[in-house]
Each structure stands twice: as structure tokens, then as C-alpha cells.
Amino acid sequence: MTELETRLGYEFSDSRLLDNALTHSSYANERPGLSSNERLEFLGDAVLGFCAAKNICRLYPAMPEGEMTRLRAELVCEASLHAVARELRLSREIRLGRNEECNGGRERVSILADAVEAIIAAIYLDGGLEPAEAFIEGRILRDLEAGRPPVRTDYKTQLQELLQREGGAAPRYTIIGESGPDHCKTFTARAALHDGAYADGTGKSKKEAEQAAAKAALALLGA
């Protein structure tokens, strides 16, 4: 096993799948004929969502559907996947194009989170659902398995309540950018405060990006 496979806890029969999972589009674009990990991201996202939903249903049989949806979103969010990528030290493994490398792509949250999804798909294609689910449960759903579901935090509500207590107006949210293919977009939102200050955040949906922007604004305000 390679060092990375040891960290993943899985040995690939077809190492090309792992190579593909670590190939960012910026790297593939510089090398005609080479495929990026975007298709694997798409598949990995679906496998991850299925496994999260399956385990939530198993562990919380009385939880209402709306609560299950919110819990699944928290478990598979970009921040959660980024934490896993850092544990696996994926920043040193990802293959990036020259410009992306120079612009700090090796530490970009969205790139690292997407790589985790791509690796899930690579494991699934190489060995089937069982090893993919074992990886997901061991790395991403481990707190859920241990009976410690994540605390769902509504940063937008926290920010609005803080500003109201201080006599300010409610923050205004604007989507200022989006990138990536249609099936796997990344959005950037801006939370504008009453005094002209603002904070930005990114996410895989507009709502997730707004939550990230609100979290950044709270940090800006020292909350």
C-alpha cells in the first residue's frame, strides 16, 4: 500500500482511480486527454448522501423527516469534508495546474472537500459499496455512529440577533460568484453589515454560502 492508501484504510486494485480522484480540473486542462475528478465528485456526493441518510434512519428511527434532512446536510457539508481532507493530508496529494497552485489552491476549502467526494467514488468503483461505506462511517459519520450528532448552527440567525441587539439593521446577503460545472457548483455569498463592513463565504449551495458568510461576519465582529 502507498502512504496515502494507508491513511485512507483502503488499498486500490486499480490505482488509476485514485490518481483520477486527486486530479483537479486545472491540472487536467493543462494536459489534453487527461480527465479531472469532477465526474467522481458527482458520484461520490451521491454515495455519501445515501450512506448518511441510511445511517440517520438506522440510528434515529423517531427523527422527523425535516430534522433528518438538516442533519444530513450538516454531516456532508463542505466544512465537514474539509476537516476530513486535512486529517488525510490531501493538500500534499492533489494535482493542481500552475495557476491554481500559485493562487493557493492547495489549501482551498472547496478543492479539498471535492477531493474527498472523489475519493469516495473511487473506492466505490474499485471495491463496491461496502468499503466506500466503511470509509464514510469511519471518517465522516463517526460522531453520528458514536451517538454525537453535530450541533446544527444557524449562523444567519445568530448574526441577525447580534446586530439587532446592537441597534443595527439586518445583514443583506448577495451571491457574488459561482464556479464549477452545473452538477457541482460552488457559490460565494457576501454578508453586508450596516456599517459598510462585509464578510464572504463559500458553499455548495446558495444557502450554505450565506451561512458561511454569516459565520465569517460573526468572526469579524468578534462574536
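Residues numbered from 1 in each chain as written. Predicted model: local features only at pLDDT ≥ 70, side-chain atom pairs only at ≥ 80, totals over all residues. Heavy atoms only, no water.

A. The overall build of the protein, seen in detail. Each helix and strand in the protein was counted, giving 12 helices and three strands. For the protein, the C-alpha radius of gyration of 19 Å lies close to 17 Å, the compact-globule estimate for 223 residues. For the C-alpha atoms alone, the extent of the protein along its principal axes is close to 60 × 50 × 30 Å. Per-residue burial over the protein gives 40% buried out of 223 residues. A fraction of 56% describes how many contacts in the protein between residues 6 or more apart in sequence connect residues 24 or more apart. Summed over all atoms, the accessible surface of the protein reaches about 11,800 Å², with 49% contributed by carbon and sulfur. On the protein, the mean spot of the 28 positive side-chain charges and the mean spot of the 35 negative ones are 2 Å from each other. (Helix = DSSP H or I, 4+ residues; strand = E, 2+ residues; numbered from the N terminus. Rg over C-alpha atoms; globule rule 2.2 N^0.38 Å. Buried < 20%, exposed > 50% of the residue type's maximum accessible area, 1.4 Å probe, protein only. Contact = heavy atoms within 4.5 Å. Areas by Shrake-Rupley, 256 points an atom, 1.4 Å probe, with all protein chains shown as cover. Lys, Arg positive; Asp, Glu negative; His and termini not counted. Charge placed at Lys NZ, Arg CZ, Asp CG, Glu CD.)

B. Structural detail: the layout of surface pockets. By volume, the largest pocket amounts to about 1,400 Å³. Lining the largest pocket we find 41 residues, and of these Ala-73, Glu-74, Cys-77, Glu-78 and Glu-208 sit closest to its centre. Sorting the residues of the lining of the largest pocket by element identifies α4 (38-59), α5 (65-75), α6 (78-88), α8 (109-127), α10 (142-145) and α12 (206-220) as the ones contributing at least two each. The leading source of residues in the lining of the largest pocket is α6, at seven residues. In terms of residue class, the lining of the largest pocket is built from 14 nonpolar, nine polar and 18 charged. Of the pockets and cavities examined, the second largest pocket occupies roughly 370 Å³. Forming the walls of the second largest pocket are 20 residues, and the residues nearest its centre are His-24, Ser-110, Asp-114, Ser-179 and Thr-186. At the level of elements, α4, α8, β1 (172-179) and β2 (186-192) are the ones that each hand at least two residues to the lining of the second largest pocket. (1 Å grid on protein atoms, 1.4 Å probe; cavity = no way out; pocket = protein on both sides within 12 Å on 5 of 7 lines; lining within 4 Å. Points joined across faces, edges and corners; volume = space filled by probe spheres on them. Nonpolar A, V, L, I, M, F, W, Y, C, P; charged D, E, K, R; others polar.)

C. A look at the pairing of β2. By the criterion of burial, β2 is predominantly enclosed, with five of the seven residues buried. Both β1 and β2 contribute to a ladder of seven bridges, which runs antiparallel. Within β2, the residue paired with Ile-175 across the bridge is Ala-189. Joining the antiparallel neighbours β1 and β2 is a turn of six residues, in which Gly-180 adopts a positive phi near 95 degrees. Counted between consecutive antiparallel strands, the loop separating β2 from strand β3 (residues 198-203) contains five residues, among which Gly-196 sits at a positive phi close to 95 degrees. (Pairing = 2+ DSSP bridges.)

D. Just the nonpolar core, in detail. Counting 42 residues, the largest nonpolar core has Leu-90, Ile-136 and Ile-140 as the members making the most contacts within it. Every element with two or more residues in this core is listed here: α1 (3-8), α2 (15-21), α4, α5, α6, α8 and α9 (129-139). The residues contacting Leu-90, other than those within four sequence positions of it, are Leu-4, Leu-22, Ala-85, Leu-112, Ala-115, Val-116 and Ile-119. (Core = buried A, V, L, I, M, F, W, Y, C linked by side-chain atoms within 4.5 Å.)

E. Geometry of the side chain of Glu-78. Assignment of secondary structure puts Glu-78 in helix α6. Contacts of Glu-78, omitting those with residues within four sequence positions, involve Val-109, Ser-110, Ala-113, Thr-202, Gly-203, Lys-204 and Glu-208.

F. The sheet that holds β2, seen in detail. A sheet is described by the order of its strands in space; here three strands give the open sequence β1-β2-β3, paired in antiparallel fashion. Both outer strands of the open sheet, β1 and β3, are each paired with one neighbouring strand and no more. Going across the sheet, the axis of each strand differs from the next one's by a mean of 25 degrees, ignoring polarity. Two strands pair when backbone bridges link them, and β2 and β3 are joined in this way by six bridges, in the antiparallel orientation. (Axes fitted to C-alpha atoms, helices over the stretch in contact; angles between N-to-C directions.)

G. Representation of the confidence of the model for the protein in the model. When the pLDDT values of the protein are averaged, the result is 89; 96% of them are 70 or greater. Ranking the helices and strands of the protein by mean pLDDT puts α2 first, with 97, and α10 last, with 80. (pLDDT = per-residue confidence, 0-100.)

H. Structural context of unusual backbone geometry. For Arg-89, which is not glycine, the phi torsion reads 55 degrees and is therefore positive. For Arg-89, the position within the fold is in the loop between α6 and α7 (98-102).

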